[in-house]
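Residue strings, one per chain:
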Amino acid sequence: MAHAKAGAFLPVPNVQELAQTWNRSGEQVPDRYVRTEETGSDEVVAGCAIPVVDLSRLLDSRSSAEELANLGAACRHLGFFQLINHGVPDEVIQDVKRDITAFFNLPLEAKRLHAQAPGGLEGYGQSFVFSETQKLDWADMIYLMITPKEERDLRFWPARPPSFRGSLDRYAAEAARVAASLLRSMAADLGVEPPERLMEAFRGQPQSMRATYYPPCRQAGDVLGLSPHTDATALALLLHVNDVQGLQIRRDDGRWLAVDPIDGAFVVSIGDIMEILSNGRYRSVEHRAVVHPDKDRISATMFHQPCSDTTVGPLPELVKKDRGGARYKSVAYMDFMKSFFASKLDGRRSHMDAMRI
């Protein structure tokens, strides 16, 4: 979501504060959060594991071919997988979990020191609120630009806890290393030679992060923590900050698959950009977040985007291999992001229909 203006979002109540008072009352959940038309008839499938990819096996010449096939199958069929043995030190992960949790536990006045500015996405608040009548998500978030460092606006980076900036910096560097390894492996799976042909779009490895706090809701079945969407990025690494599950993935049959995270793993999702670059070989799949009736949930997603001057389109060598030619238009990345935000303004779930040929 980097490199683009978000447009003018409307201010809405802080959900964490709302939940603290409302959950103790006997009142019904405020109408703007009621999503029974989306949740009431949806079937959720539990107990079905998503693919697991082992990064250490990908990087080991003795097992890389087998694990590469595993990675390719996950990207083609579901668009999501859990990444284990990624090599990020546990201390780095625990530090960033601690500091993200501490930030959301601050008084509202302290968090609002880093509130979003009008017309921007960065900072603390909510996103994609364009009208006084649209339904709202049961969540608050903080969104930060991380890389390139010169694009950081430290007004939005929490000063409390004091260790926040350092722990996020270390975690982002590790996440960038993991993402680079995955992108190189994906290039190999797609048959892109040399891998730099794919990596060129991500030079400098632009990164942003969205940390989200989902308060408990005693009418959890009537609300959504995060509306169904696909990611307008190339690759996203989701870290479960606490042990409460809430991610659900839309299956081909229309049902939702509840993800049970593996301890210590990242949940990796393929974004719209990678679907386009791969000419549809990889899939960007719709997903959403639900909330728990009596437990809060915190997650942190690290997004990896292309450079701002990149042209987003199918890689020519992949188009040559496909009888039907290019399946997606080629557009400047900034125009791609304008289309993404326009679709949100129009109330559409995805802007990808406009990209398909």
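Residues numbered from 1 in each chain as written. Predicted model: local features only at pLDDT ≥ 70, side-chain atom pairs only at ≥ 80, totals over all residues. Heavy atoms only, no water.

Under an unreviewed UniProt entry, the name given to the protein chain is Fe2OG dioxygenase domain-containing protein, and the source organism is Urochloa decumbens. Comment text from UniProt for the protein chain, heading Sequence similarities (unreviewed entry), reads "Belongs to the iron/ascorbate-dependent oxidoreductase family." (UniProt positions renumbered as here; feature names shortened; annotations may be inferred.)

**Some points on the UniProt feature "domain: Fe2OG dioxygenase" (unreviewed entry) in the protein chain**
Here, UniProt's "domain: Fe2OG dioxygenase" (unreviewed entry) annotation points to residues 205-306. For residues 205-306, helix accounts for 6% and strand for 40%, while the C-alpha atoms at its two ends are 7 Å apart. (Helix = DSSP H or I, 4+ residues; strand = E, 2+ residues; numbered from the N terminus.)

**Remarks on the pairing of strand β9 (residues 247-250)**
Covered by surrounding structure in β9 are Leu 247 and Ile 249 together with Gln 248 and Arg 250, the residues of both alternating faces. Two elements, β9 and strand β12 (residues 287-289), share three bridges in a ladder whose sense is antiparallel. The residue of β12 that forms the bridge with Gln 248 is Arg 288. Both β9 and strand β10 (residues 256-258) contribute to a ladder of three bridges, which runs antiparallel. When the sheet's bridge partners are listed, Gln 248 is paired in β10 with Ala 258. (Buried < 20%, exposed > 50% of the residue type's maximum accessible area, 1.4 Å probe, protein only. Pairing = 2+ DSSP bridges.)

**Some details on the sheet that holds β12**
With mixed pairing, five strands are arranged side by side in an open sheet as β1-β10-β9-β12-β7. With one partner strand each, in any of the chains shown, β1 (44-45) and β7 (226-229) form the two edges of the open sheet.

**With respect to the nonpolar core**
If you look at the biggest cluster of nonpolar residues, it comprises 82 residues, and the most contacted ones within it are Phe 81, Ile 100, Leu 168, Leu 182 and Met 186. Not counting chain neighbours up to four residues away, the residues in contact with Met 186 comprise Leu 71, Cys 75, Phe 81, Leu 235, Ile 270, Met 274 and Tyr 282. By size, the runner-up hydrophobic cluster in this structure holds 19 residues, among which are Tyr 33, Leu 136, Trp 138 and Cys 217. (Core = buried A, V, L, I, M, F, W, Y, C linked by side-chain atoms within 4.5 Å. Contact = heavy atoms within 4.5 Å.)

**Notes on helix α7 (residues 164-190)**
When the terminal C-alpha atoms of α7 are compared, their 38 Å separation across 27 residues agrees well with the 39 Å that a helix rising 1.5 Å per residue should span. Within two residues after α7, Gly 191 carries a phi angle of roughly 80°, on the positive side. (Expected span 1.5 Å × (residues − 1).)

**Quick look at the packing of helix α5 (residues 90-104) against α7**
Two numbers describe how α5 lies on α7: the axes approach to 9 Å, and their chain directions differ by 135°. Looking at the two axes, α5 sits oblique to α7. The handedness of the crossing between α5 and α7 is left-handed. On the side of α5, the interface is formed by Val 92, Ile 93, Asp 95, Val 96, Asp 99, Ile 100 and Phe 103, while α7 contributes Phe 164, Ser 167, Leu 168, Arg 170, Tyr 171 and Glu 174. When its residues are assigned to classes, the contact of α5 with α7 shows eight nonpolar, one polar and four charged. (Axes fitted to C-alpha atoms, helices over the stretch in contact; angles between N-to-C directions. Parallel < 35°, antiparallel > 145°, perpendicular 65-115°, else oblique. Left-handed = near helix turned anticlockwise from the far one by under 90°. Nonpolar A, V, L, I, M, F, W, Y, C, P; charged D, E, K, R; others polar.)

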